[in-house]
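Inside the fold
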Amino acid sequence: MEICKDAVVKGIGTPEESDLALINGLARRELGADEVYTFALRLCDNDIDRDFERFEDGTLDELAPLFVGVSGVFDHQWSARGQTARIYRAEVVGGDGTLTVDGRACRFLKGWAYMMRTDENAALIAEIDGGIKREVSVGCAVEKIVCSVCGQELDACPHEKGEEYDGQVCHGVLTGAADAYEWSFVAVPAQRRAGVIKSAGRRLEDEARLGRKYLKGLRHEMVRLAGIAEPEAGHALLEKVAGKLDEEELLGLIKLFRGKADRLAGPRVQLSYGEEAVPQEIADGAFLI
């Protein structure tokens, strides 16, 4: 799944000799220190963001080498013309006593990038030095998003991000770095310290998220009806079974259990109260692509 997290930019200027050696490891020809401009980026961290997600500490460590050599663009527009700079070094930083919102030691992925000192880049360099260009959003892929409450994959568990369970606010833990695509200068940060804009390939990810939410709603409805129709079945077992079913299987069982539940309930009045309303995304879910 694709993830996009915002970062902060800080100008440095002329590279040190050790940095220049790393830069020349990526360049097609030997560059001089006066030819390049370097700056540092806070790429992403392990704090809970406004989307109620955070990177797992191990994922930050896995992302560090993946971002070396990755180029920067503007507003996630993947084109050669938009490439402005490239990361030549990345490492996880922490240990300064800063805590996350839930009390863990804060760690973040820091990157160092370079660009050529050309007439075309002069305005961008001035904006970085002047604090105008400050935020960038990183595009990467993770293997899964795990629920902070139960440890299951978030799409298959009964918990919702942002909801509180026994005093714990549920959030998704981004786990297992799969790839690092790009980083992009953007206008609006969202993460508390670095910022967040949800994924590169944003529209596709939004559609996939709606589909996952639809399936999650179907699973909740199946478990609810099965609990009424088959009261001897344990709730944990029903949730486990529901988590392995696809849309067609879930719809079939919902129809079956709804019929059994209606028969057990006996004659129904015209207006009923207390029933769980089916969310709109479930009602419309069959039409999602």
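All of the points below concern the structure found in this document. Computed from a predicted structure; not experimentally measured.

Scanning the protein from terminus to terminus reveals seven helices and 10 strands. Put simply, the protein has 289 residues, and 40% of those count as buried. Put simply, 74% of the contacts in the protein that link residues at least 6 apart link residues at least 24 apart. Total accessible area on the protein is roughly 15500 Å²; 52% of this is exposed by carbon and sulfur atoms.

All right, on to the environment of Lys161 then. Following the sequence through the fold, Lys161 ends up in the loop between strand 7 (135-147) and strand 8 (164-165). In this structure Lys161 comes out as partly exposed when scored by relative accessible area, which is 31%. The sequence separation of Lys161 and Ser148 amounts to 13 residues, and the corresponding C-alpha distance is 9.0 Å. In this structure Lys161 touches Asp51, Phe52, Glu53, Leu154, Cys170, His171 and Gly172, once residues within four positions along its chain are discounted. Looking at Lys161, its side chain comes within polar contact range of the side chain of Glu53, at 2.9 Å.

Okay, the nonpolar core next. A general trend in soluble globular proteins is that nonpolar side chains are found buried together. Judged by nonpolar contacts, the single largest core of 34 residues is most densely connected at Phe39, Phe67, Leu109 and Trp183. At the level of secondary structure, the elements contributing two or more residues to this core comprise strand 2 (36-45), helix 2 (57-67), strand 5 (85-99), strand 6 (105-116), helix 3 (122-129), strand 7 and strand 10 (172-185). The greatest single-element share of this core, amounting to six residues, is contributed by strand 7. Formed by 13 residues, the second largest nonpolar core is a distinct cluster that contains Tyr214, Ala226, Leu238 and Leu245.

Another aspect to go through is the pairing of strand 10. Taken across its 14 residues, strand 10 has 11 buried, putting it largely inside the fold. Relative to strand 10, strand 3 (residues 53-55) runs parallel, the two sharing three bridges. By the bridge assignment, Phe55 is partnered in strand 10 with Leu174. Pairing of strand 7 with strand 10, which is carried by 11 bridges, proceeds in the antiparallel orientation. Of the residues in strand 10, the one forming a bridge with Val138 is Trp183.

Turning to the state of the cysteines, a few remarks are in order. What the rule picks out here adds up to zero disulfides. In this structure Cys140 is not part of a disulfide, and its nearest cysteine sulfur, from Cys44, lies 6.1 Å away. The buried category is assigned to Cys140, whose relative accessible area is 0%. Cys150 carries a free sulfur, and the closest cysteine sulfur to it, the one in Cys147, is 3.8 Å from it. On the basis of relative accessibility, which here comes to 33%, the residue Cys150 falls in the partly exposed class.

Bringing the environment of Leu22 into the picture now. By the secondary structure assignment, Leu22 is in helix 1 (residues 17-24). We classify Leu22 as partly exposed; its relative accessible area is 40%. For Leu22, the residues in contact, after removing those within four places along its chain, are Tyr88 and Arg89.

Here Phe67 lies in helix 2. Once residues within four sequence positions are removed from consideration, Phe67 is found in contact with Leu43, Ile87, Leu109, Val138, Gly139, Cys140, Ala180 and Glu182.

As a further point, take unusual backbone geometry. Here Phe52, not a glycine, exhibits a phi torsion of approximately 55°, which is positive. Take Phe52: it is sitting in the loop between strand 2 and strand 3. We note that Asp166 has phi near 50°; this positive angle belongs to a residue other than glycine. Note that Asp166 resides in the loop between strand 8 and strand 9 (168-169). A relative accessible area of 87% places Asp166 in the exposed class.

Following the criterion strictly, the structure yields three aromatic pairs and no others. Ring plane angle 70° and centroid distance 6.1 Å describe the contact between Phe39 and Trp183, whose orientation is recorded as edge-to-face. Of this pair, Phe39 sits in strand 2 while Trp183 sits in strand 10; the two residues are 144 residues apart in sequence, bridging distant segments of the chain. Comparing Phe39 with Trp183, the two get one shared label, buried. The rings of Tyr37, Phe39 and Trp183 are connected pair by pair, giving a single aromatic cluster. A cation over a ring is seen here: Arg42 above Phe108, with NZ or CZ 4.2 Å from the ring centre. Looking at Arg89, its charged tip hangs above the ring of Trp112, at a distance of 3.8 Å from the centre.

Cut-offs applied
Residue numbers restart at each chain and count upward from 1, following the sequence in its written direction. Restriction of local features to residues with pLDDT of at least 70 applies here, the model being predicted, together with a cutoff of 80 or more for giving and counting side-chain atom pairs; totals for whole chains, interfaces and linings are based on all residues. Based on all heavy atoms of the structure, the side-chain values leave hydrogens and waters out of the count. Strands are runs of DSSP state E lasting at least 2 residues, helices are runs of H or I lasting at least 4, and numbering of each runs from the N terminus. Here the term buried applies to any residue with accessible area under 20% of the maximum for its type, exposed to any over 50%, and partly exposed to those in between, with areas from a 1.4 Å probe on protein chains only. We call two residues in contact whenever any of their non-hydrogen atoms come within 4.5 Å of each other. Surface accessibility follows the Shrake-Rupley procedure with a 1.4 Å probe radius. Residue values consider only the protein chains on display as shielding. Whenever two N or O atoms come within 3.5 Å, that pair is a polar contact, provided that in protein one can donate a hydrogen and the other can accept it, and provided that, for residues adjacent in sequence, both atoms are side-chain atoms. The set of buried Ala, Val, Leu, Ile, Met, Phe, Trp, Tyr and Cys residues whose side-chain atoms join them within 4.5 Å is what this entry labels a nonpolar core. Think of it this way: DSSP has to see at least two bridges between two strands before they count as a pair. Cysteine sulfur pairs qualify as disulfides if the two atoms are within 2.5 Å. Aromatic pairs are defined between Phe, Tyr and Trp rings, using the six-membered ring for Trp, whenever the two ring centres lie within 6.5 Å; interplanar angles under 30 degrees are classed as stacked, those over 60 as edge-to-face, and all others as tilted. Think of it as a cone above the ring: NZ of Lys or CZ of Arg counts as a charge over the ring if it is within 6 Å of the ring centre and within 35 degrees of the ring normal.

Geometric descriptors of this kind do not, in isolation, establish any biological role.
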